[in-house]
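Now for the letters of each chain:
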Amino acid sequence: MIAALRANARVVAALGARSVKQTFRRPQLMAPIIVFPSLLLAVQVGGAGSAVDLPGFPRVHGFLDFMLAGAMIQSTLLAGNSGGIALAVDIEMGFADRLLVAPISRFAIVLGRLAGTAALGVFAALWYVAVGLVFGARIEEGVPGVLVVVALVSLSAVAFGGLGAAVALRTGRASVVQGLFPLVFVILFLSSAFFPANLMLEPAASVARYNPLSFVVEGVRDPIISALGAHALAKAAAGLAIVGAASFALSALALRHRLRTGGA
Amino acid sequence: MASRALRAELAVVGALVRRAANEILRVPGAAIPGVLAPSIFFLGLTAVFGHLTQLRGFDTQSYQSFLIPVSLIQGAGFTGAATGVNLARDIEQGWFDRLLVAPVPRPVLLAGLVLSASARALVPAAFLLAVGFAIGVHWPGAAGLAIAIALVMVMGAVAALWGVALALRFRSQSAAPLMQAGMFLLVLTTTAYAPLELLRGWLHDVARVNPATQVLEAARQGFTGGVSWGDTWPGLVAAAAMAAAFAALALRGMRRTGL
Amino acid sequence: MPAIETRALERTFAGGIRAVAGVDLQVAEGEIYGFLGPNGAGKTTTVRMLTTLLRPTGGSAAVAGHDVVREAARVRRAIGVALQEAALDPLMTGRELLRLQATLHGIPRGEGRRRADALLERVGLTGATDRRIGTYSGGMRRRLDLAAALVHEPRVLFLDEPTTGLDPVSRKAIWEEVAELNAEGTTVFLTTQYLEEADRLAYRVGIIDQGRIVAEGTPASLKVEVGKPHLELELAGDGAERASAVCSRFGRPLPARDGKVLVELAGGARDVPKVVRALDEAGILIASLELVQPTLDDVFVAKTGHHLEGAEQGQGAEEELTAEPAA
């Protein structure tokens, strides 16, 4: 039993390593994780930076400090989408069959992909922390804050990655998963990823207040702009739990559906 | 003799345009993100940054009216980049070689690709305008609208030329992010989010010299106020200059593919 | 104990399509079994069921002594699979793929590396081990796929159309490899649409058409069953119908192929001069005439009424200028 667990862990790690290598070897998969959110960050900080002068805006060292969390979460959502696309490509080109014929757990196919996405999440979090520091941001909570940030970001990568994987398994088509790309931004805009919820226009502001993604973003943001609070951390954990549960259920169902109806 | 050659050329251009249209019709699902994305960004950014208009420096209280020209041009940027991505895919799959073997002058081939992008840019634009007016964007007046549409079409061509130049240079779909990022940067390092006085740091400096800022401001006129020739011609000149520059780049790329 | 055994194996897809309509077969250990049939006959579906990728909707199957549904994990441990769409990742290198395959089968790292290197050498890919699979030719990919199927030294090897689309040299290389593997004791279940492949490699052949086995036996015994040679006539002018009528006096007419008139000769080769004379008397001009000994295609025609390979020839891909873009 332990041996089986260890064997599967080894497989998940190997598949995760493959996912990461794939992402680095294909610019189209890497760009949404690093390039686009970084560009958007740069432009939004320069363009909307005066927002710090708005009455009601939280006290921050700089607008960049505020925006880092949003960039990180944007990056992980897109990494989850990229991972879903890669999984769909695996199915389309038959690589998934190679995994299914091997004596490994069926779920390892999904977990391997998610392990890769989590690793990319860690990479992304560190990247944005570094970028932030280089351009003058301050991580108020210091090193423990960075650890919390990295942990939350990689967990959210797994949680959201599961949704991408679910769509990939259910449809088996990369173009469909790719079509979800705008949806990622809809969810981001309807949260406090880019702006405080209380300063957004209705009805988006109300949605943002209750969006689990907002809880996660704020959990990542607090250690950067102020202090880490138990309350915010609890809310972030709750947000992750909600998304994680949904994503686990959906991907399990999608996997079962695929195994049952099988390829031609 | 000459008219036969001309007809052959037009036939090829026609086939190209038809094929581009077929792609949209054949896989309509694939076209939807391209059409919807600018509108999604428009709505999202309005909802998120809408209250910026409370700051001094904005001469309008309607952020959506301020922002819509950005989204219009972004839509043109997406459409043009897509032309480049499709060309890269065609090159990768060998289809493009067949086209090059046909006795058509390179500029004509290029024109076909670019003009269809220019026209296609109107699709997300139309959708965007509908959405915009629905959420209270000011009516720009006939002149304002005409200027905006014209500039959208020129920027669609600019984006397509950029995409084509990259496709020819890299001959692979992995250049897609570069095509998209290029246009992204061009459009957003302007007075996209806020007027010049409110821009901070490096963005302020870049926006001041970026020709796309002129284009944006010219397109924005009607939506945020009145239209005047003085505010229009810099935009037209900037757009024309960019089109010429990128056309030269694309043509050089075509020549360098050995024909 | 048979290496592979199926009983009334069936697979029906949504919409009522019966891809496999009751297949009974047995493959003994150490055999090479050839599953021969045209496209769409149900070969791939059968293989997918035997390799646990697809659940049967009826009947049962056991591979290496384990039921494919109830003991799927055990089956997976015992089989090696090289499927039609060689399941390779173009971004990985050959070495990376084999090492991953070793990990998937729980082979310890050191041992996995050793086997990967050995197999790459065996299939002749040492020059390309660290190049990305995307740069490999079709033949190289198949060889890599075969190597990947062998990493865990399976007892039963499934090869789904292993040489489709390959040039003759690559094809021969794969055949030699398969024969060698079999000599080492591996049972091979091979699907193919090529007569020559089945003829050469298989101990026994099962001919499948429209989801059912229509004939089974060694290639030799199947041909003897059909027995008689046939004549292939290419006419210099028209008159195909008249020619056919004339020939039918000497034996059973067969479906035409490539514009030739075919007739089975009831009396064997000695009837050839009689046929020629009869055609001459009827004023029919012959461009060429060939006497063909029975082949597995004849067996196929005898059992199903249509040819196995006629449509494959002349299948050159000629795209037009207005070809559809590949989505």
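None of the values given here were measured: they were computed from a predicted structure.

## Points about the overall build of chain A
For chain A, the helix and strand inventory stands at 12 helices and zero strands. Each helix and strand of chain A, placed in order from N terminus to C terminus, yields the pattern α-α-α-α-α-α-α-α-α-α-α-α. Relative to its length of 264 residues, chain A is compact, with a C-alpha radius of gyration of 19 Å against a globular reference of 18 Å. Reported as C-alpha extents along the three principal axes, the dimensions of chain A are approximately 60 × 35 × 35 Å.

## Quick notes on the overall build of chain B
When helices and strands are counted, chain B shows 11 helices and zero strands. Taken from the N to the C terminus, the helices and strands of chain B come in the order α-α-α-α-α-α-α-α-α-α-α. Here chain B holds 259 residues, and 48% of them are scored as buried. For chain B, the proportion of contacts with a sequence separation of at least 24, taken over those separated by at least 6, is 81%.

## Re the confidence of the model for chain B
Looking at chain B, the pLDDT average stands at 86 and 88% of residues meet or exceed 70. Here helix 1 (residues 2-26) of chain B is the element of chain B with the lowest mean pLDDT, 65, and helix 6 (residues 122-134) of chain B is the one with the highest, 94.

## Quick word on the pairing of strand 11 (residues 230-235) of chain C
Regular strands place their side chains on alternate faces of the sheet. Residues and elements named next belong to chain C. Inspection of the sheet shows strand 11 paired to strand 13 (residues 260-264) by four bridges, in the antiparallel sense. Looking across to strand 13, one finds that His 230 is bridged to Glu 264. In the sheet, strand 11 pairs with strand 14 (residues 286-292) via six bridges, with the strands oriented antiparallel. Across the sheet, residue Leu 235 finds its bridge partner in strand 14, namely Ile 286.

## Regarding the sheet that holds strand 5 (residues 66-67) of chain C
All names here are of chain C. With antiparallel pairing, four strands are arranged side by side in an open sheet as 2-1-4-5. Looking along the sheet, the strands with just one partner apiece sit at the ends: strand 2 (17-27) and strand 5. Note that strand 1 (residues 4-13) and strand 2 share eight bridges and pair antiparallel. Within the sheet, the bridge partner assigned to Ile 4 lies in strand 2 and is Val 27. Taken strand by strand, helix 1 (residues 43-50) contacts strand 1, strand 2 and strand 4 (58-63), and its axis lies near 115 degrees from that of strand 1.

## Details of the interface of chain A and chain C
Across the contact, 21 residues belong to chain A and 20 residues belong to chain C. Those elements that place two or more of their residues in the side of chain A that touches chain C are helix 1 (2-25) and helix 5 (95-101) of chain A.

## Some details on the environment of Thr 53 of chain B
Residues and elements named next belong to chain B. With respect to the element layout, Thr 53 can be found in the loop between helix 2 (28-49) and helix 3 (63-92). Classification of Thr 53 by C-beta neighbours within 10 Å gives partly exposed; the count is 17. Aside from chain neighbours lying at most four places away, what touches Thr 53 is Phe 58, Thr 60, Gln 61 and Tyr 63.

## A few points about the interface of chain B and chain A
Tallying the contact residues gives 36 residues for chain B and 30 residues for chain A. For the side of chain B that touches chain A, the elements supplying multiple residues, two or more each, are helix 2, helix 8 (176-188) and helix 9 (201-209) of chain B. Broken down by element, the side of chain B that touches chain A gets its largest block of residues, 13 residues, from helix 2 of chain B. Here the side of chain B that touches chain A is composed, by residue class, of 25 nonpolar, 10 polar and one charged.

## A closer look at the packing of helix 1 of chain A against helix 6 (residues 108-134) of chain A
Residues and elements named next belong to chain A. The geometry of helix 1 relative to helix 6 is characterised by a closest axis approach of 7 Å and an angle of 55 degrees between their N-to-C directions. The angle between the axes of helix 1 and helix 6 places the two elements in the oblique class. The hand of the helix 1/helix 6 crossing is right-handed. In this structure, helix 1 contributes Asn 8, Val 11, Val 12, Ala 13, Leu 15, Gly 16, Ser 19, Val 20 and Thr 23 to the contact, and helix 6 contributes Ala 108, Leu 111, Gly 112, Arg 113, Ala 115, Gly 116, Thr 117, Ala 119 and Leu 120. Classifying every residue of the contact of helix 1 with helix 6 gives 10 nonpolar, seven polar and one charged.

## Details of the pairing of strand 13 of chain C
Residues and elements named next belong to chain C. With four of its five residues buried, strand 13 lies for the most part within the structure. Relative to strand 13, strand 12 (residues 253-257) runs antiparallel, the two sharing three bridges. Within strand 13, the position partnered with Leu 254 by the bridge is Leu 262. Where strand 12 folds back onto strand 13 in an antiparallel hairpin, the turn is made up of two residues, including Asp 258, whose phi is positive at roughly 55 degrees.

## Quick notes on the environment of Leu 308 of chain C
All names here are of chain C. Counting through the fold element by element, Leu 308 comes out in the segment after helix 11 (296-304). On a C-alpha basis, the gap between Leu 308 and Val 292 in space is 16 Å, while along the polypeptide they are 16 residues apart. Not counting residues within four places of it along the chain, the set of residues in contact with Leu 308 comprises Pro 38, Gln 193, Leu 195, Asp 297 and Phe 300.

## Observations concerning the packing of helix 7 (residues 141-170) of chain B against helix 8 of chain B
Residue and element names in this part refer to chain B. Two elements in contact, helix 7 and helix 8, have axes separated by 9 Å at closest approach and are oriented at 145 degrees. Relative to helix 8, helix 7 is oriented so that their crossing is right-handed. Contacts between helix 7 and helix 8 involve Ala 159, Trp 162, Gly 163 and Leu 166 from the former and Leu 178, Met 179, Gly 182 and Met 183 from the latter. Of the residues assigned to the contact of helix 7 with helix 8, the class counts are six nonpolar, two polar and no charged.

## Some points on the environment of Gly 138 of chain C
All names here are of chain C. One can find Gly 138 in helix 5 (residues 138-150). Judged by C-beta crowding, with 14 C-beta atoms within 10 Å, Gly 138 ranks as partly exposed. When the C-alpha atoms of Gly 138 and Glu 31 are compared, they prove to be 27 Å apart, with 107 residues separating the residues in sequence. Excluding its chain neighbours within four sequence positions, the residues that come into contact with Gly 138 are Gly 165 and Leu 166.

## Some words on the sheet that holds strand 14 of chain C
All names here are of chain C. Strands sit in the order 12-13-11-14 across an open sheet of four strands; the sheet is antiparallel. With partners counted over all chains shown, the strands left at the sheet margins are strand 12 and strand 14, one partner each. In this sheet, adjacent strand axes meet at a mean angle of 20 degrees when their direction is disregarded. Helix 9 (residues 240-247) rests against strand 11, strand 12 and strand 13 of the sheet, and its axis sits at about 10 degrees to strand 13.

## A few points about unusual backbone geometry
Cis geometry marks the peptide bond from Glu 202 of chain A to Pro 203 of chain A; its omega dihedral reads -5 degrees. By the secondary structure assignment, Pro 203 of chain A is in the loop between helix 9 (181-189) and helix 10 (204-210). Here the phi dihedral of Arg 171 of chain B falls at roughly 50 degrees; this positive angle occurs in a residue that is not glycine. By the element assignment, Arg 171 of chain B lies in the loop between helix 7 and helix 8.

Conventions we followed
Residues numbered from 1 in each chain as written. Chains lettered and ligands numbered in written order. Predicted model: local features only at pLDDT ≥ 70, side-chain atom pairs only at ≥ 80, totals over all residues. Helix = DSSP H or I, 4+ residues; strand = E, 2+ residues; numbered from the N terminus. Rg over C-alpha atoms; globule rule 2.2 N^0.38 Å. Buried ≥ 20, exposed ≤ 12 C-beta atoms within 10 Å, placed from the backbone. Contact = placed C-beta atoms within 7 Å. pLDDT = per-residue confidence, 0-100. Pairing = 2+ DSSP bridges. Axes fitted to C-alpha atoms, helices over the stretch in contact; angles between N-to-C directions. Nonpolar A, V, L, I, M, F, W, Y, C, P; charged D, E, K, R; others polar. Parallel < 35°, antiparallel > 145°, perpendicular 65-115°, else oblique. Left-handed = near helix turned anticlockwise from the far one by under 90°.

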